[in-house]
Amino acid sequence: MANITLVDDDENIVASVSMALESHGHKVTAYHDGASGLEALEASPPDLAILDVKMPRMDGMEVLRRLRQTSALPVIILTSKDEEIDEILGFNLGADDYIHKPFSQRLLIERVKALLRRSGAESLEADTPGEVAGRAIKRGKLSMDPARHECTWEGRAVKLTVTEFLLLQALAQRPGFVKSRDNLMDAAYDDQVYVDDRTIDSHVKRMRKKFRVVDPEFDAIETLYGVGYRYRES
């Protein structure tokens, strides 16, 4: 069972989504405006948050932006807008997944299940025989502990979202080896979730910014234009 916070001003959606999630054993706490939702998320972080985009007092994108200043909490964005720019903005702000309204309850349940699995004890499959999935990684200045979802650079904490952590883990497992965007999608997302190349680029861009806060000279994630990315061990 997971504790899930739902923030949406549509009472019908709140009722139906809450019922669906609770029928699968989750505990749901709902808020009907962004400001109240953000206050609750900061005061008592759940296992996962579901945010609507259009809400009174504070929209979902602003809630996400403020939340990401201090938290790597898994977040799914809901929106009735069918514009690609909104989806890219959501991923740029650090959303882990994105669902367009109207959506089926089955789709939402599967997305929630997948994100909870990604944020939990399950980890990437080993890249080479004999490698232990979930093993702590030490690559030069980088340290990653998948079991605790902790990442440090030169001993200083770097707060990564679930998706960012999985992408970096995939790169750091084999320094010097190129990972295509398709490889990285497979590492960070379940089969039922499709994202385009620009989504991966957005996550990598956010990761770099976070590392450059603790080290302005950070350049361990290399872009190979037209090919993908690789981790360069310093």
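Quantities reported herein were computed from a predicted structural model and do not represent experimental measurements.

Peer 1: Explain the overall build of the chain to me, please; I cannot follow it from the model alone.
Peer 2: If you tally the helices and strands in the chain, you get 8 helices and 11 strands. Among the 234 residues that make up the chain, the fraction classed as buried is 50%. Here the analysis covers contacts within the chain between residues at least 6 apart in sequence; of these, 62% occur between residues at least 24 apart.

Peer 1: Please explain helix α2 (residues 34–43) as it appears in this structure.
Peer 2: One full turn of an α-helix is made of 3.6 residues, so residues set three or four places apart face in the same direction. For α2, the complete set of buried residues consists of Gly34, Ala35, Gly37, Leu38, Ala40 and Leu41. Here the buried face of α2 lies against β1 (3–7), β2 (27–31), β3 (48–52) and α3 (60–67).

Peer 1: Whenever I open this one, the side chain of histidine 26 confuses me. Can you help?
Peer 2: By the element assignment, histidine 26 lies in the loop between α1 (11–23) and β2. For histidine 26, a relative accessible area of 16% corresponds to the buried category. From its side chain, histidine 26 meets the backbone nitrogen of alanine 2 in a polar contact 3.2 Å long. Once residues within four sequence positions are removed from consideration, histidine 26 is found in contact with Met1, Ala2, Ile4, Leu21, Val112 and Leu116.

Peer 1: I'm lost on the sheet that holds strand β6 (residues 137–139) in this one. Help?
Peer 2: Pairing between sheet strands relies on hydrogen bonds along the backbone, with the strands arranged either parallel or antiparallel. Overall, antiparallel pairing links the 4 strands, which are arranged β6-β7-β8-β9 in an open sheet. Looking at the sheet topology across the chains shown, the edges are occupied by β6 and β9 (156–157). Taken together, the 4 bridges between strand β7 (residues 142–145) and strand β8 (residues 150–153) define a ladder with antiparallel strand orientation. Counted as the bridge partner of aspartate 145 is glutamate 150 from β8. Its contacts with the sheet place helix α6 (residues 162–172) against β6, β7 and β8, and it is angled at close to 120 degrees to β7.

Peer 1: Sorry, what's going on with the packing of α1 against helix α5 (residues 105–119) here?
Peer 2: Relative orientation and spacing of two packed helices are given, respectively, by the angle between their axes and the distance between those axes. At a closest axis distance of 10 Å, the pairing of α1 and α5 adopts a crossing angle of 55 degrees. Considering the angle they form, α1 stands oblique to α5. Note on packing geometry: the crossing formed by α1 with α5 is right-handed. For the pair α1 and α5, contact is made by Ser16, Val17, Ala20 and Leu21 and by Gln105, Leu108, Ile109 and Val112, respectively. Across the contact of α1 with α5, the residue classes break down as 6 nonpolar, 2 polar and no charged.

Peer 1: Sorry, what's going on with the packing of aromatic side chains here?
Peer 2: For any two aromatic rings, the description comes down to two numbers: the centre-to-centre distance and the angle of the planes. Tallied over the entire structure, the rule returns 3 aromatic pairs. Measuring from ring centre to ring centre gives 5.7 Å for tryptophan 153 and phenylalanine 211, while their planes differ by 80 degrees; the resulting arrangement is edge-to-face. In this pair, tryptophan 153 sits in strand β8 while phenylalanine 211 sits in helix α8 (residues 197–214), placing the two residues 58 residues apart along the sequence. Here tryptophan 153 and phenylalanine 211 have matching classes, each one buried.

Peer 1: Would you mind going over unusual backbone geometry with me for this structure?
Peer 2: Peptide bonds are, in most cases, trans, and in most cases residues other than glycine have a negative phi. Omega for the bond connecting lysine 101 with proline 102 falls within 30 degrees of zero, at -5 degrees, which places this linkage in the cis form. Structurally, proline 102 can be placed in the loop between β5 (97–100) and α5. For histidine 149, which is not a glycine, the phi torsion comes out positive at approximately 55 degrees. Relative to the helices and strands, histidine 149 is located in the loop between β7 and β8. In this structure, glutamate 154 takes a positive phi of about 55 degrees despite not being glycine. For glutamate 154, the location among the structural elements is in the loop between β8 and β9. Its relative accessible area of 48% is what places glutamate 154 among the partly exposed residues.

Conventions adopted
- Residues numbered from 1 in each chain as written.
- Predicted model: local features only at pLDDT ≥ 70, side-chain atom pairs only at ≥ 80, totals over all residues.
- Heavy atoms only, no water.
- Helix = DSSP H or I, 4+ residues; strand = E, 2+ residues; numbered from the N terminus.
- Buried < 20%, exposed > 50% of the residue type's maximum accessible area, 1.4 Å probe, protein only.
- Contact = heavy atoms within 4.5 Å.
- Polar contact = N/O pair within 3.5 Å; in protein donor to acceptor, adjacent residues only side chain to side chain.
- Pairing = 2+ DSSP bridges.
- Axes fitted to C-alpha atoms, helices over the stretch in contact; angles between N-to-C directions.
- Parallel < 35°, antiparallel > 145°, perpendicular 65-115°, else oblique.
- Left-handed = near helix turned anticlockwise from the far one by under 90°.
- Nonpolar A, V, L, I, M, F, W, Y, C, P; charged D, E, K, R; others polar.
- Phe/Tyr/Trp six-rings, centres within 6.5 Å; stacked < 30°, edge-to-face > 60°.

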